[in-house]
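# Overview (structure and organization)
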Amino acid sequence: MPKMKTNSSAKKRFTITGSGKIKRKHAFKSHILTKKTKKQKRNLTYAGTVHKADESNIKLLLTMK
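The following paragraphs examine the structure supplied in this document. (Residues numbered from 1 in each chain as written. Predicted model: local features only at pLDDT ≥ 70, side-chain atom pairs only at ≥ 80, totals over all residues. Heavy atoms only, no water.)

### A look at the overall build of the protein
- Regarding its fold elements, the protein presents three helices and three strands.
- What you see in the protein, going N to C, is helices and strands ordered as α-β-β-α-β-α.
- Since a compact globule built from 65 residues should have a radius of gyration of about 11 Å, the 15 Å found for the protein marks it as more spread out than a globular shape.
- Considering the protein as a whole, with its 65 residues, one finds that 14% of them fall into the buried category.
- Here the contacts in the protein between residues at least 6 apart in sequence split such that 52% fall between residues at least 24 apart.
- Carbon and sulfur atoms make up 57% of the accessible area of the protein, which amounts to about 5800 Å² in all. (Helix = DSSP H or I, 4+ residues; strand = E, 2+ residues; numbered from the N terminus. Rg over C-alpha atoms; globule rule 2.2 N^0.38 Å. Buried < 20%, exposed > 50% of the residue type's maximum accessible area, 1.4 Å probe, protein only. Contact = heavy atoms within 4.5 Å. Areas by Shrake-Rupley, 256 points an atom, 1.4 Å probe, with all protein chains shown as cover.)

In structure tokens form, the structure reads like this:
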């Protein structure tokens, strides 16, 4: 049986921190920025963490065994 591969789209979007949480980037920051306020754009720059309910699914995608 061949090796299981890590999901390519997941490894580009998420990173696991030292404490085991999963970091993610915010959406809506790539284009059509003229109509968004400075505050909105500034808040979208910071990385967020994945919700507890989604963590197990994303960890499965990132660490296939």
